[in-house]
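# Residue-level structural notes
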Amino acid sequence: MQTRDQTAQGCANEMKTALLESENVVRALRESEAYFRQLFERHSSVMLLIDHQSLTIVDANPAAAQFYGYPLDVLRGMNVSRINAQPEVEIEQQRQQAVAGKQNRFVFDHRLANGQIRAVEVHISTLNHQGRSLFFSIIHDITERQRVEAELRIAAVTFESNEVLVITDAKGVILRVNQAFTENTGYTAEEAVGQTPRLLKSGQHDAAFYRAMWETIQRTGAWQGEIWDRRKNGEIYPKWLTISAVKGSNGVVTHYVGSHIDITERKATEEKIRKLAFYDPLTGLPNRRLLMDRLQQALISSARSARQGAILFIDLDNFKVLNDTLGHDMGDLLLQQVAQRLQKSVRKTDTVARLGGDEFVVMLEELSGQRIEAAEQTEKIGEKILAALNRPYPLGAHNYHSTPSMGATLFGDRQEEMSDLMKQADIAMYQAKKAGRNTLRFFDAQMQEAINARAALENDLRNAIEHRQFQLYYQIQVDDERRALGAEVLIRWIHPERGLIPPMHFIPLAEETGLILPIGQWVLETACARLKVWEQDAATRDLVLAVNVSPKQFHQPDFAAQVLATVQRHDINPTRLKLELTESMLADNIAGIVATMNALHEIGILFSLDDFGTGYSSLLYLQQLPLDQLKIDQSFVRNLSSGVNSNAIVQTIIAMAKSLNLDIIAEGVETDEQQHILQLLGCEHYQGYLFSKPVPIEEFEALLTNRKAANS
Ligand code: C2E
Ligand code: CA
Ligand code: CA
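Residues numbered from 1 in each chain as written. Chains lettered and ligands numbered in written order. Predicted model: local features only at pLDDT ≥ 70, side-chain atom pairs only at ≥ 80, totals over all residues. Heavy atoms only, no water.

### A few points about the site of ligand 1
Every one of the 20 residues lining ligand 1 counts as a neighbour, but Gln475, Arg492, Gln634, Glu670 and Tyr689 are closest to it. A distance of 2.9 Å separates an oxygen atom of ligand 1 from a polar atom in the side chain of arginine 492. Residue tyrosine 689 places a main-chain N or O atom 2.9 Å away from an oxygen atom belonging to ligand 1. If ligand 1 stood free it would expose 800 Å²; the protein chains cover 84% of that surface. The set of elements that each furnish at least two residues to the shell around ligand 1 consists of β19 (484-495) and β23 (606-612). Here the shell around ligand 1 takes 4 residues from β19, the largest share from any one element. Considering only residue class, the shell around ligand 1 consists of 8 nonpolar, 6 polar and 6 charged. (Near = heavy atom within 4 Å. Polar contact = N/O pair within 3.5 Å; in protein donor to acceptor, adjacent residues only side chain to side chain. Areas by Shrake-Rupley, 256 points an atom, 1.4 Å probe, with all protein chains shown as cover. Helix = DSSP H or I, 4+ residues; strand = E, 2+ residues; numbered from the N terminus. Nonpolar A, V, L, I, M, F, W, Y, C, P; charged D, E, K, R; others polar.)

Laid out in C-alpha cells, this is it:
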C-alpha cells in the first residue's frame, strides 16, 4: 500500500513528468514552428498569409518582399487590394470562391511597388490560426510563360498562312506541313509527314543543283531560289523556295523550315510580257527587237568562230492586193502560213523574224567560213524558201498563190554594223523586185556603189534647189496643121560637174525623198511666170503650158490651194495652165481626187491624163474625173507603123476619148508616117521630136517666131 507521502511523491513525480512532458511538447512545438518558419522564410516561392475577411496580409516571406519590392514590415499589414490590379468586384468574387473552397487556383494581375504589372498564378489553401481564418497563397510569376504561350499561338496561326510551309527534322524527314501545303501540292499532312521533300521532286533539276543548294544551306544557314516541283497530280510547276536551318542553342541543326510561293502565275505573266516585247503577236515569230538582239549575238559569235552568217530579207509580192481584195483577215492568215513555212525551211538554230507588214527576215548562222561557200549555202536555203512560199496557200475557200522577193547579205568576215547589214539585205530585196519578183538577189559591191551614188545624188539634189540649177525645157504641142497650141514643160538639172541630168535620173529620187515638193512648186512658178510674159504678146497669149504633177505633189492635202495661190500670185489666165496627171496616181480615194481636181477645174485649169493606156483606168472611173485631155503614151505611137495591133489600141483609146468628150494628144511622134496614121485614126493634137525636141525657152520662142515666119 502506498503512503500519502508516497502518493504525494508520486503526484509530484507525475507532475514533474507531466511538466517535463509538456516542456518537451512545447520544445517540440517550438522546434516545429521554427522549422516551418524556416521553410516559409527561405522558400523561393512567393508566399502570403492573408486574412479571409479583411484581405489584410498577415504574413509574407522574404521572397514575397523581393518580388513585390516592398520591405517585409510594409508588406505585412498591407491590404491585398494594393497589390491586386483587378477591380474590387472581381477580387470580392474570387475571395468568396476561395472561402467556399470552390476554387484554389487563380490567375491575377499583380502590381509591384515600381508600378509594373505581372501576371501571377496563385494557389490558395485555407487554414485557421489563432481563431482567424487565413488564406495561405503561393504565388508564381507567369508573365514570361504567358508571353511564350502567346508567341506559340501566333506561330501556330502564322503556320497556317497562305505561304506553303514544311518543317523537317535534321535528317529531312517531314514533321509538319500546313494547309496551304496540301492545297498547293495535293498531298495531305498524313501523306507528307514521315516522307522527305523528295516527294515533290520534278526531275527538272540535276544532282548538281541539289548539291549546290545543300552546300549553301550548310554554309549560310539558308537557301532561296526558283525550283520546279511536281504536284501530286503530276503537274510540274515553278516556285520560289526558301529553306532555313533551325539550330539548337548548341549550334547544331535541329530542323529545316521550307516555305514557298507558287510562281506559276507570275511566270506566266512574265512570259506574256516577254512575248509582247519580243514576239510578233500575229505569227508568234521574234520581232525586230529580238532579231536585232540575236543578230548582235550572231555577229560576236561569228567573229569568234570565223564562220559566216547571212541575213535574208523577204517581202511578199503584191501582198497589198490580197489585203485589198480578200480582206485583212485573209492577209493575216497568209502571213501566219508564211511564218510556218519559213520556220520549217530553216534549222532550229536559225532565226525567223517578222519585221512588220509582209516583211520577214531569216538569219542563218554557222555557215561556212569561206564567203563563196557561205553564199552557196545561203542560196540553197533561199531556193528552199522560195519553193516553200510558192506553194498555194489555202485561205478559206481560196487557193491563193503568193510569191516572195528576197535579198541576202553575208556577215562574219568584216567589222559589220547591224544597221548596214539590214540595209544591204533590204536593198538586195529591192533588186529582186526589180528583177521581176519571186527571186533571190545577193547584195554586192556594185549595189553598194549604186547606193553611194544615190546618196551623193540626193545630197546634190538638195543643193540644186538652193543654187537654182534647174531649168525648164519646152516641147511644142501642135494641131493637125502643125500650128502651135502650146508646150509641155520638162525639167532639166544642170549639174555643175556632171552637166545636164535628164529627169528620169533624179525625179524618182526626188519623189522618194519628198524633194519633189519644192521642185514641183518651182516648176509651177516658172511656168506661171512664163504664161504671164506670154500674155503681153498676141502671138503667145493663147498658148497653153502643160506642167507635170508628181503623185506626192498631187496627194498633198492642200495641193489645190497651193496651185490656186500660185495662179493668183502670178495673176495669169488659168485656162492657159494644164496639169498632167498619170493614171496610177488616181488609183484610190476617188472622192478626194475629184474634189481636188474640181476645185482647180472650176476656175478653168485644164487636166490631161499622161501616159494613157499604160494603166488600168476603167471608162466608168474616168467618167467621174473632170478631165480635158487624154495623152496617148509614146509606146503605142512608136509601134504604130509596124504593128496592126498597136493601131487597134490607139483606135480604141481615141474612140474612148471621144465618147468621154475629151481632147486627144499623141506624144512621142517622131515620123510623118506616125502622124499620118494618128490623123487617120482621129487624133487631133501631137507632140514629139518630129516637131521639136524639148528646148530652152529662148530656143522655144525663137522656134515660134521662125515657124510663124515660115508659115506666113
Ligand atoms: P513624160 O511626162 O511622159 O514626158 C515625156 C517625155 O518624152 C520627155 O522626156 C520628153 O522629152 C520625151 N519625148 C517627147 N517627145 C519624144 C519623142 O518624139 N521621142 C522620144 N524618144 N521621146 C520624146 P523627159 O523630158 O526626159 O522627161 C521624162 C519624164 O520625167 C517625164 O515623162 C515626166 O514623167 C518626168 N518629168 C519631166 N519634167 C517633170 C517635171 O517638171 N515634173 C515632174 N513631176 N516630172 C517631170
Ligand atoms: Ca508629161
Ligand atoms: Ca508621157
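### A short note on the coordination of the calcium ion (ligand 2)
Around the calcium ion (ligand 2), the protein contributes the donor atoms Glu488 (OE), Asn548 (OD1), Glu580 (OE) and Asp610 (OD), which lie 2.1 to 2.3 Å from the metal centre. Here the calcium ion (ligand 3) and the calcium ion (ligand 2) are spaced 4.1 Å from one another, each receiving a donor from aspartate 610. Here glutamate 488, found in strand β19, pairs with asparagine 548, found in strand β21 (residues 544-548); they are 60 residues apart in sequence, far enough to count as distant. The class of asparagine 548 is partly exposed, set by a relative accessible area of 30%. (Donors = N, O, S within 2.8 Å, 3.2 Å for Na, K, Ca; no water. Buried < 20%, exposed > 50% of the residue type's maximum accessible area, 1.4 Å probe, protein only.)

### Examining the domain arrangement of the chain
Under the domain assignment, the chain is made up of domain 1 (20-143), domain 2 (160-267), domain 3 (285-443) and domain 4 (460-711). Distance from the C-alpha centre of domain 1 to the C-alpha centre of domain 4: 126 Å. (Domains from an automatic or database assignment.)

### Side note on a negative patch on the surface
The grouping of Glu373, Glu376, Glu379 and Glu383 at the surface amounts to a negative patch. Turning to its location among the elements, glutamate 376 is positioned in helix α13 (residues 371-390). (Patch = residues over 30% accessible without salt bridge, like charges linked within 9 Å, V, L, I, M, F, W, Y side chains within 5 Å. Salt bridge = Lys/Arg side-chain N within 4 Å of Asp/Glu carboxyl O. Lys, Arg positive; Asp, Glu negative; His and termini not counted. Charge placed at Lys NZ, Arg CZ, Asp CG, Glu CD.)

### Some thoughts on the nonpolar core
If you look at the biggest cluster of nonpolar residues, it comprises 77 residues, and the most contacted ones within it are Leu577, Leu579, Ile632 and Leu678. Excluding residues within four positions of it along the chain, leucine 577 makes contact with Leu524, Cys528, Leu531, Leu545, Val547, Val563, Val567, Ile605 and Leu606. By size, the runner-up hydrophobic cluster in this structure holds 32 residues, among which are Leu322, Leu334, Leu389 and Ala408. (Core = buried A, V, L, I, M, F, W, Y, C linked by side-chain atoms within 4.5 Å. Contact = heavy atoms within 4.5 Å.)

### A look at the sheet that holds strand β3 (residues 105-111)
Spatial ordering of the open sheet is given by β2-β1-β5-β4-β3, a layout of 5 strands whose pairing is antiparallel. Two strands lie at the open edges of the sheet, namely β2 (57-60) and β3, each paired on one side alone. Pairs of neighbouring strands in the sheet enclose a mean axial angle of 35 degrees, with direction left out of account. Bridge count for strand β1 (residues 46-51) against β2 is 3 bridges, and the pairing is antiparallel. Each residue of the ladder has a partner; that of isoleucine 50, found in β2, is isoleucine 57. Here helix α4 (residues 88-99) sits on the sheet in contact with β3, β4 (117-129) and β5 (132-141), set at roughly 145 degrees to β3. (Pairing = 2+ DSSP bridges. Axes fitted to C-alpha atoms, helices over the stretch in contact; angles between N-to-C directions.)

### A short note on the pairing of β3
Side chains of β3 alternate between two faces, with Phe106, Phe108 and His110 buried and Arg105, Val107, Asp109 and Arg111 left unburied. Two elements, β3 and β4, share 7 bridges in a ladder whose sense is antiparallel. Along β4, the bridge assignment pairs histidine 110 with arginine 118. In this structure, the hairpin formed by β3 and β4 is closed by a connection of 5 residues, where glycine 115 is found at a positive phi of approximately 95 degrees.

### With respect to the sheet that holds strand β6 (residues 164-169)
Each strand in a sheet pairs with its neighbour through backbone hydrogen bonds, running either in the same direction (parallel) or in the opposite one (antiparallel). With antiparallel pairing, 5 strands are arranged side by side in an open sheet as β7-β6-β10-β9-β8. The sheet terminates laterally at β7 (174-177) and β8 (222-230), the two strands that pair on one side only. Between one strand and the next, the sheet's axes are offset by a mean angle of 25 degrees, whatever the strand orientation. Sheet topology places strand β9 (residues 236-247) next to strand β10 (residues 253-262); 9 bridges connect them, and they run antiparallel. Among the inter-strand pairings, alanine 245 is bridged to a residue of β10, identified as tyrosine 256. Together, β8, β9 and β10 form the strand contacts of helix α9 (residues 264-278), whose direction differs from that of β9 by roughly 130 degrees.

### Considerations on helix α11 (residues 319-326)
Along α11, the residues classified as buried are Phe319, Leu322 and Asn323. Here the buried residues of α11 occupy an arc of 95 degrees about the axis, which is enough to place them on one side. Exposed residues on α11 whose side chains face more than 90 degrees from its buried face are Lys320, Asp324 and Thr325. On the buried face of α11, the contacting elements are β11 (309-316), α12 (328-345), β14 (393-395) and β15 (398-400). Glycine 327 lies just past α11 and shows a positive phi near 100 degrees. (Arc of directions from axis to C-beta.)

### Focus on the packing of α12 against α13
In helix packing, the relevant descriptors are the interaxial angle and the interaxial distance, both defined with respect to the helix axes. It is the contact of α12 with α13, at a shortest axis distance of 9 Å, that shows an interaxial angle of 145 degrees. Between α12 and α13 lies a crossing whose hand is right-handed. Residues Val338, Arg341, Leu342, Lys344 and Ser345 of α12 form the contact with α13, whose own contacting residues are Ile381, Lys384, Ile385, Ala388 and Leu389. Class assignment of the residues belonging to the contact of α12 with α13 gives a composition of 6 nonpolar, 1 polar and 3 charged. (Left-handed = near helix turned anticlockwise from the far one by under 90°.)

### Quick notes on the pattern of salt bridges
A complete count under the given rule lists 38 salt bridges for this structure. Among the salt bridges present, the one from arginine 76 reaches aspartate 59, with a minimum N-O distance of 2.7 Å. One end of the pair, arginine 76, is in the loop between α3 (72-75) and α4; the other, aspartate 59, is in strand β2, with 17 residues separating them in the sequence. A relative accessible area of 30% places arginine 76 in the partly exposed class. The partner of aspartate 280 in a salt bridge is arginine 354, and the shortest N-O contact between them spans 3.0 Å. Here arginine 354 lies in strand β12 (residues 351-356) and aspartate 280 lies in the loop between α9 and α10 (288-305), a separation of 74 residues in the sequence. In terms of burial, aspartate 280 and arginine 354 fall into one category: buried. Each of Arg37, Glu41, Asp59 and Arg76 takes part in a single network of salt bridges with overlapping partners.

### Considerations on the pairing of β21
When you tally the buried positions in β21, you get 4 out of 5 residues, the bulk of the element. When β19 meets β21, the two strands line up parallel, connected through 4 bridges. Residue pairing across strands places glutamate 488 opposite alanine 546, the latter belonging to β21. Bridge analysis of β21 against strand β22 (residues 577-582) gives 4 bridges, and the strand direction is parallel. Looking across to β22, one finds that alanine 546 is bridged to lysine 578.

### A closer look at the coordination of the calcium ion (ligand 3)
Note on the calcium ion (ligand 3): its protein donors are Asp610 (OD), Asp611 (OD), Glu667 (OE) and Glu667 (OE). The metal-donor distances range over 2.0 to 3.1 Å. All donors to the calcium ion (ligand 3) come from one chain, and their sequence spacing reads D-D-x55-E.

### As for helix α17 (residues 516-535)
In an α-helix, one full turn covers 3.6 residues, which means residues spaced three or four apart are oriented alike. Here α17 spans 28 Å end to end across 20 residues, near enough to the 28 Å set by a 1.5 Å rise per residue. Within the span of α17, buried status applies to Ile516, Ile519, Gly520, Val523, Leu524, Ala527, Cys528, Leu531 and Trp534. (Expected span 1.5 Å × (residues − 1).)

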